Each structure stands twice: as C-alpha cells, then as structure tokens.
Amino acid sequence: MIIMKKIVKILSLVLVLTMLCGAVVIFASGKGVTLALSGEAEQVMTYEAGNKKTDVIARIYEETPYYVVIRHKQLGASHYAYTEALAEDLGSDNKDPEGREAIFNPGSEMILVSIVKDGENYVTYEDVLLDSKKGVIRDPDVSADGTRVLFSWKQSSVDDYHLYEMTLATRELKQLTFGSGAADIEPKYLSDGSILFNSTRDIQVVDCWKTPVSNMYKCKADGTEILRLGYDQVHTTYPTVTSDGRVVYTRWDYNDRTQMWIQGVFQMFEDGTGQTELYGNNSDFPTSLLHTREIPGTTGKYLSIASGHHVYQHGKLVWIDISEGRNGNDPVDFVFQDGTKKQSGYDTFGQDGKQYKYPYAFSEDLFLYSAVKHYSGVNAEFSIYAYDVTTDTEVELVEASRGTGASQIVPVYARDLFTRPSMVNYASETGTFYVSNVYEGPAMEGVKFGSAKYLRVVELEFRTSAIGATVARGSGSSDPFTPISTGNGAWDIKKVLGVVPVEEDGSALFTAPANTPLYFQLLDENGSVIQTMRSWTTLMPNET
C-alpha cells in the first residue's frame, strides 16, 4: 500500500490530498471550516492560469473553497409562487385533477463543490451529498459555523416538503418537520439558533385562484415549537437574512387593488417585528422581485430577479438601491444591459433572452447566480456562474446534469450572525401603533392638514378554501374565488375594530390586536373616508 501526501499552504487554506488505493480524499480548511470529499467525488472543471476567467475563480476561492449546490428542475406554475406541490392535490398519475397547480417535477441532487488550487491552476470536484431521483431537494442554507446545511425535500409525489438538516462532515441526515398536508419550504438559519421558513400551515388559498398560500413561520433548531410570524393575504416567498439581522422577502400584496402588478420586497426582524416595505409596494415595475439578497458591504443595496406575474421563478438580474427611493423605476437597474426596458404593468416581464435566478453576492463586484441562455421549459439546463463586475467576466462554475439545471448555490464558511434583542412577549395579546403624521406620503397630496379627525382600524379575514368564483368584467374587475362581493368589491372580509382620534399634529397612538392583519382608513369629521390603506400591517405580541 502506497500513501502519497502533498501539502499546499495558501494563506489560511491548507489542502491535503491523500491517494489511497486509487480513491482521492480531499481535506481542506478555510474560514473556520474543514471538510473532506468522499472517494466518489468527481473532478469536473479545470481553470488554467493566465486568463480572466481563472482570476474570477481565484476570487471566489479566496472567499471559500466550498459551495453547496442543488440541481433541480424549474420551480413555479401559472404564478411564480405556486411551488408547494401538496401531495393531497396530486392525483395518482402525479397530476393535479382539481387544477390547484400542485406541479411537481422530480429529479434533483444536492452536491458539495470544492475548489482546489493546483499550482497556478484551479480544479473543481463535485461530491453528491444527497440524490433524489423521485423527489425534489431545494432551498439550501448553511449554518453560521459552516458545519450544517438546511434544506427542504419532497421525497416523492405522495410526500410533502419537509425541512431537513445534514452535517456536512459526516453526511448525517436529520428530518426536522413532519406531517401530511403541509409544505415547509425556503428555510433559513436565524441568529438565535431557530429556523425561519415558509409553510402552508396557515390553511389559506389565494384570493384570485384556488392554490394554497405559504406564510412565514419559525421553529426551534430541532423543528419543534412552530410559531407563525406572517399573517398575510397571499404568498410570502424566499426569505433571506441580512448582516444587520433583518429578513427580506417578496410579498404578494393586493388589498383593495389589483392582484397583478405589486409583488415587492418587504423586511422584518427575525422575531417577526417591524414588518414593513423595503422596496416596491406601490410600484408596478418590476412586476415582481424574486430571490432578493443583500449586497454585503453596502448600505441599502440588493441583488434581485425582476420577473413577471404569470411566470416561473426566473427573470432578469437587477440591482436595487433604496437610497434612490422606496418606489418607482429609479432604484432598480439591470446588471446586464441586454435591451430589456423598464416596463410597468407587464404580466410576463423579463422572460425574453438570457434568464437568471437565485443570485448570491459576496460584494458589490463579485457574485454568483444561476443562468441559462434561453429558457426552454422546466428541464432548461441552467448553470451556476461567477461574475466579476470589475473585469466584466462571467465564468461557469457548475453545469446542468442530465436535464436538471444547477439552480441554487450557497457558500460554506463560518460567519457571525447579528443578534438583535426581541421585544416579543407571547403572554401579551396586543401591540401598539404610533403614526407620527397621517398627512405624509404621496397618497395624501392635496389633502388639507387638519381635515383628518379619526383613524378607522379594520381587520382582514382571509379565506381558507375556494369553492367557486365570480368573474366580473370591465376596468378594475377581479376574479375572486369564494367571493364576498362582485365587480369592484373587496377581496376579503373586513371587520371594523374601532376608530381612534387623530391628534391636531396629525399623529395617532393606539393599541391593537397582535397576530392580526390590519389596515387603516382616514375619516373626516363626518365619518367619510379620506383615504384607504391599500395594504396591511401586523404586530407581534407586545410590539410597538
């Protein structure tokens, strides 16, 4: 038996290759993480020194040599958010006989990609962590210490999506959430050790169709003590955690307005407090913003995917800079200027030409994303790319495999998570609202100061099932399922909780029920409505 050892030291990275009986085992450590590839790992890419593409690989290698990648087929349905694929909505032939769009395209794998420095060259190895030919693996997130990966997995058409965790060093797999009839997706580690995720446990359907709704939940690290954080009308999708302890996510939002054009970015703290607009809750461009992530080292800048409404989850890669505003076209710009125009109110926006999804930024000039030259359907062969803005260089890092696109990528490294003290007290049933000035904002332009005397507080009750539809015709009409009205009527039941006075300086202070979606109406001295809030807000228990 011959054992050959080669030790290469590059900055903080130590790489040891041991060749034993023909099997190559690679150990590496960087940024607090040490991993080993199995004997089944395959060498895939070689990047030779002396060109710009290799320089890009060198940059992401310095960030970390390890990446978790998931290959899966395209997620989505007639609307981008419909990805839950509940087993109870699927027939025996893996189709949805009731038209609830439980679309399920099996075949996926989770792999560990390792970048190895070989002299002046770089080589990638791929090691399969989990293979699911009859299921779908999705939504990876790596723990703060870099030792575990969290993800969602639907093992077959008769299973539902549940949360799982794998220890990367040992490949030990643990199921965290259970139960039939609920899809748990898009998990993220939080700074207190708990887990944030989206789930259909809310038992709601969308107002304008009959598909199940996912809202935000959290649980303990072992999957127990599940708590609801989001009490939203329709879907919230793809939460990500920022360096300052916020959660950013897409919220589909159409209280007393069209269901088509408003799918902007919201933010909240990890405990569910501070649920507010980040960008685009009053903009019809882009039609939707998906897979949004913070750009580290910047203030108020994000990478996102500008997309449409009746589309799958892909589109154009864009910057968002909220220093340019919270709404309107100016804060959003395309990373790649391919001729796409800033079109307002466009259903299938961003679907032509090269398509992007799931960006991950290391900095303002270095990031990763999944892309395909032309989208050809759910089997489109997306690859993972690294892009260096300073040299305008794109390099392929992970290819599609056997008709399954390389869709999602997250780096493996140790990092600190920002911890923010929580004001939530679950012994309380209320929270407190303070409005500093009801006359502020574009919707109040032209309203005479002092004319608002009261603020009406209204609870929204969302529907739990869809049993039929009333479809109206004409401008502004809607097609609500299980409707409470026809034509231009409301989407949801509204329950008036009371009115509170507006002070002479335009402020208002009042207590309201927690864990309850609320919206407000400004009233004049006669009780007539001056303006209506076209959205909603929710307090956590004891929140102010």
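Reading the values: rules and limits
- Residues numbered from 1 in each chain as written.
- Predicted model: local features only at pLDDT ≥ 70, side-chain atom pairs only at ≥ 80, totals over all residues.
- Heavy atoms only, no water.
- Helix = DSSP H or I, 4+ residues; strand = E, 2+ residues; numbered from the N terminus.
- Buried < 20%, exposed > 50% of the residue type's maximum accessible area, 1.4 Å probe, protein only.
- Contact = heavy atoms within 4.5 Å.
- Areas by Shrake-Rupley, 256 points an atom, 1.4 Å probe, with all protein chains shown as cover.
- Salt bridge = Lys/Arg side-chain N within 4 Å of Asp/Glu carboxyl O.
- Pairing = 2+ DSSP bridges.
- Axes fitted to C-alpha atoms, helices over the stretch in contact; angles between N-to-C directions.
- Core = buried A, V, L, I, M, F, W, Y, C linked by side-chain atoms within 4.5 Å.
- Polar contact = N/O pair within 3.5 Å; in protein donor to acceptor, adjacent residues only side chain to side chain.
- Phe/Tyr/Trp six-rings, centres within 6.5 Å; stacked < 30°, edge-to-face > 60°.
- Lys NZ or Arg CZ within 6 Å of the ring centre and 35° of its normal.
- pLDDT = per-residue confidence, 0-100.

Attention now moves to the overall build of the chain. Helix and strand counts for the chain come out as 1 helix and 35 strands. Within the chain, the proportion of its 544 residues that are buried is 55%. The long-range fraction of contacts in the chain, counting pairs at least 24 apart against all pairs at least 6 apart in sequence, stands at 58%. On the chain, roughly 22,300 Å² of surface is accessible, and the fraction owed to carbon and sulfur atoms is 50%.

Moving on, we come to the pattern of salt bridges. Under the defined criterion, the tally for this structure stands at 23 salt bridges. Across the salt bridge formed by aspartate 253 and arginine 251, the nearest N and O atoms sit 2.9 Å from each other. In this structure, glutamate 394 engages lysine 354 in a salt bridge whose closest nitrogen and oxygen atoms are separated by 2.8 Å. In this pair, glutamate 394 is assigned in strand E28 (residues 393–398) and lysine 354 in the loop between strand E24 (332–334) and strand E25 (355–363), connecting sequence segments 40 residues apart. What makes glutamate 394 partly exposed here is its relative accessible area of 23%. Taking relative accessible area as the criterion, lysine 354 reaches 25% and is therefore assigned partly exposed. Through salt bridges that share partners, Arg59, Asp365 and Asp388 make up one connected network.

It is worth spelling out the sheet that holds strand E34 (residues 518–523) at this point. Spatially, 4 strands are ordered E32-E31-E34-E35 in an open sheet, and the strand pairing comes out antiparallel. If you trace the sheet from one side to the other, it starts and ends with strand E32 (493–501) and strand E35 (529–532), each paired once. Mean inter-strand twist for the sheet, computed between neighbouring axes without regard to direction, equals 30°. Pairing analysis gives 6 bridges linking strand E31 (residues 454–461) to E34, with the strands arranged antiparallel. Directly across from glutamate 459, in E34, lies its bridge partner leucine 518.

The 5 strands are arranged E5-E8-E7-E6-E29 in an open sheet whose pairing can be described as antiparallel. In this open sheet, the two strands that pair with only one neighbour each are strand E5 (42–47) and strand E29 (406–411). Averaged over all adjacent pairs, the angle separating strand axes in this sheet is 25°, with direction ignored. The sheet contact formed by strand E7 (residues 108–118) and strand E8 (residues 121–132) spans 11 bridges and is antiparallel. The residue of E8 that forms the bridge with isoleucine 111 is valine 128.

The next thing to look at is the nonpolar core. Counting residues in each nonpolar core, the largest one holds 26 residues, and the members touching the most others are Trp252, Leu317, Phe367 and Tyr369. Where this core is concerned, the elements lending two or more residues are strand E22 (301–307), E25, strand E26 (366–372) and strand E27 (383–388). In terms of residues, this core owes the most to one element, E26, which gives 3 residues. Other than its neighbours up to four places away in sequence, leucine 317 contacts Leu303, Ser304, Ile305, Asp333, Phe334, Val335, Phe336, Tyr356, Pro359, Phe367 and Tyr369.

Time to look at the environment of threonine 273. Residue position: threonine 273 is located in the loop between strand E19 (263–269) and strand E20 (276–279). For threonine 273 and proline 541, which are 268 residues apart along the polypeptide, the C-alpha to C-alpha distance reads 8.9 Å. Ignoring any residue separated from it by four or fewer positions in sequence, one finds threonine 273 in contact with Met268, Met423, Val424, Met540 and Glu543. Polar side-chain contacts of threonine 273 include one of 2.6 Å to the side chain of aspartate 271.

The next subject is the pairing of E22. The two faces of the sheet receive side chains in turn, since in a regular strand these alternate between them. Across the 7 residues that make up E22, a large majority, 6, are buried. Across 5 bridges, strand E21 (residues 288–294) lies against E22 in antiparallel orientation. By the bridge assignment for E22, leucine 289 is matched with alanine 306. Hairpin connection from E21 to E22: 6 residues lie between these consecutive antiparallel strands, with glycine 297 at a positive phi of about 80°. Sheet analysis places E22 next to strand E23 (residues 316–321), joined by 6 bridges and oriented antiparallel. Each bridged residue has a counterpart across the sheet, and for lysine 301 the counterpart in E23 is aspartate 321.

Before going further, it helps to examine the packing of aromatic side chains. Tallying each qualifying case throughout the model produces 28 aromatic pairs. Each ring, one from tyrosine 254 and one from tryptophan 491, has its centre 4.7 Å from the other, and the planes form 75°; the classification is edge-to-face. Of this pair, tyrosine 254 sits in the loop between strand E18 (246–252) and E19 while tryptophan 491 is found in the loop between E31 and E32, placing the two residues 237 residues apart along the sequence. Each residue in the set Trp319, Phe336, Tyr356, Phe367, Tyr369, Tyr385 and Tyr387 is aromatic and connected to the rest through ring pairs, giving one cluster. For arginine 138, the ring lying beneath its charged end belongs to tyrosine 161, and the centroid distance is 5.1 Å. Directly above the ring of tyrosine 238 sits lysine 188, whose terminal nitrogen or CZ lies 4.7 Å from the centroid.

All right, on to the side chain of serine 152 then. With respect to the secondary-structure elements, serine 152 resides in strand E10 (residues 148–154). Overall, serine 152 belongs to the buried group, its relative accessible area being 0%. A polar atom in the side chain of serine 152 sits 2.7 Å from the backbone oxygen of aspartate 184. Not counting chain neighbours up to four residues away, the residues in contact with serine 152 comprise Val136, Ile137, Arg138, Asp139, Tyr161, His162, Leu163, Asp184, Ile185, Glu186 and Pro187.

Inspection of the secondary structure puts aspartate 253 in the loop between E18 and E19. Within the local environment of aspartate 253, its side chain forms a polar contact with the side chain of arginine 251, the two groups lying 2.9 Å apart. Separated by 2.7 Å, the side chains of aspartate 253 and serine 535 make a polar contact.

This next bit is on the confidence of the model for the chain. Here the chain averages 89 in pLDDT, while 90% of its residues score no lower than 70. For residues 1–29, every residue scores under 50 in pLDDT, and the model assigns this stretch 67 contacts once sequence neighbours within four places are set aside.

For the rest of this paragraph, the subject is the environment of isoleucine 111. Checked against the element boundaries, isoleucine 111 lands in strand E7. Isoleucine 111 sits 298 residues away from isoleucine 409 along the chain, and the two C-alpha atoms are 9.7 Å apart. Every residue in contact with isoleucine 111, bar those within four places of it in the chain, is listed here: Tyr67, Val68, Val69, Arg71, Glu126, Asp127, Val128, Leu129 and Val398.

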